[in-house]
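# Geometric and topological summary
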Amino acid sequence: MEEGYKEILEGVFPEERDKYETFVKAISFYNYNQTDKAIEILRKLELECSTPREYESIYTIWSICCSEKGLIDEAITYAEKALKINPTNATLLSNMGVFYASRGRTNDAIEIFKRAAEHDPKDPVAFHNASTFLLRAGRVEESIEYGLKALEVAPNNEETMATLALAYKMQSDEEQFAKYYQMSKDHGYKTNDLDEMLNKM
């Protein structure tokens, strides 16, 4: 389990094994959908933190736990606390984008996804999310730009292909639309869903 959270655990309670293991326990509770127990531990550990790195890791997991419980405002609160400590945390930035989007804050979500992509240019999710929400905002050229970057990182992402197909359709670029429509279909995207979105355009 620790290997999957290596980045979050790095530098946390390096000289205090008991506190480190308690933090690992909180993550384990989260992994087994016992978020209330995880949050209870995190609340106690917050009082034991002594470095910015420890606060960042605690708030990151706390934010994720809150989002799992549907407590989006609280998830945003703890994500913002973590980002004040480390504004370049790409994973947390992507999470924040999703949180903002769920609250209808599309422009805020777009800017956050862009920041995530800037800080981790190898993360296709950040580019894809930016592309998707830029398209929803009617910013088609930018959507295509981020969609193409997403495919550079993850060439087989059928959802990005579908987003690009929609974007090119909005530009009336039938050649590029046909290309990405077929690519998304070939890679397993449910074209019925795409056809439904096209019919609404």
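The following paragraphs examine the structure supplied in this document. This structure is a prediction, so every number in the text was calculated from the model and none was measured.

A tally of helices and strands in the protein yields twelve helices and zero strands. The order of helices and strands in the protein, counted from the N terminus, is α-α-α-α-α-α-α-α-α-α-α-α. Classification of the 201 residues of the protein by burial places 46% in the buried group. Partitioning the contacts of the protein with sequence separation of at least 6, the portion at a separation of at least 24 is 47%.

A separate point is the packing of helix H2 (residues 17–31) against helix H3 (residues 35–46). Interhelical geometry of H2 versus H3 gives an angle of 155° and a closest axis separation of 7 Å. Judged by the angle between their axes, H2 and H3 are roughly antiparallel. At the point where H2 passes H3, the crossing takes the left-handed sense. Contact residues: Lys-19, Thr-22, Phe-23, Lys-25, Ala-26, Phe-29 and Tyr-30 in H2; Thr-35, Lys-37, Ala-38, Ile-41, Leu-42 and Leu-45 in H3. Tallied by class, the residues present in the contact of H2 with H3 amount to eight nonpolar, two polar and three charged.

On to the packing of helix H9 (residues 140–153) against helix H10 (residues 158–170). Viewed as axis vectors pointing N to C, H9 and H10 meet at an angle of 150°, and their least axial separation amounts to 9 Å. In terms of orientation, H9 lies roughly antiparallel with respect to H10. In this structure, H9 meets H10 at a crossing whose hand is left-handed. Across the interface between the two elements, Val-140, Ser-143, Ile-144, Gly-147, Leu-148, Ala-150 and Leu-151 from H9 touch Thr-160, Met-161, Thr-163, Leu-164, Ala-167, Tyr-168 and Met-170 from H10. Considering only residue class, the contact of H9 with H10 consists of ten nonpolar, four polar and no charged.

Before going further, it helps to examine helix H11 (residues 174–186). For the α-helix, the turn length of 3.6 residues means that residues three or four positions removed from each other point alike. End to end, H11 covers 18 Å across 13 residues, agreeing with the expected 18 Å (1.5 Å per residue, within 8%). Where H11 is concerned, the buried positions are Phe-177, Tyr-180, Tyr-181 and Ser-184. The arc enclosing the buried residues of H11, seen along the axis, measures out at 105°, which places them on a common side. Away from its buried face by more than 90 degrees, H11 exposes Glu-175 and Asp-186. Once H11 ends, the next one or two residues include Gly-188, with phi positive near 100°.

Calculation rules
Counting from 1, residues in each chain are numbered in the order their sequence is written. Per-residue local features are limited, in this predicted model, to residues with pLDDT of at least 70; the limit for side-chain atom pairs, both in listing and counting, is 80 or more; totals at the level of whole chains, interfaces and linings are taken over all residues. Excluded from the side-chain calculations are hydrogens and water; all other atoms, namely the structure's heavy atoms, are used. Helix and strand labels come from DSSP, where a helix needs a run of H or I of at least four residues and a strand needs a run of E of at least two; each type is numbered from the N terminus. Any residue under 20% of the maximum accessible area for its type is buried, any over 50% is exposed, and the rest in between are partly exposed; the area is computed with a 1.4 Å probe on protein chains only. Residue contacts are defined here by distance: any two heavy atoms, one from each residue, within 4.5 Å place the two residues in contact. Fitting a line to C-alpha atoms yields each axis, with helices limited to the stretch in contact; the angle taken between N-to-C directions then spans 0 to 180 degrees. Roughly parallel means an angle under 35 degrees; roughly antiparallel, over 145; roughly perpendicular, 65 to 115; everything else is oblique. Take the far helix as the reference: if the near one is turned anticlockwise from it by less than a right angle, the crossing is left-handed, and if turned clockwise, right-handed. Any residue outside Ala, Val, Leu, Ile, Met, Phe, Trp, Tyr, Cys, Pro, Asp, Glu, Lys and Arg is labelled polar, Gly included; the first ten of those are nonpolar and the last four are charged. Given the number of residues in a helix, its expected span is that number minus one, multiplied by 1.5 Å. An arc is given here, and it is the one of the directions from the helix axis to the C-beta atoms.

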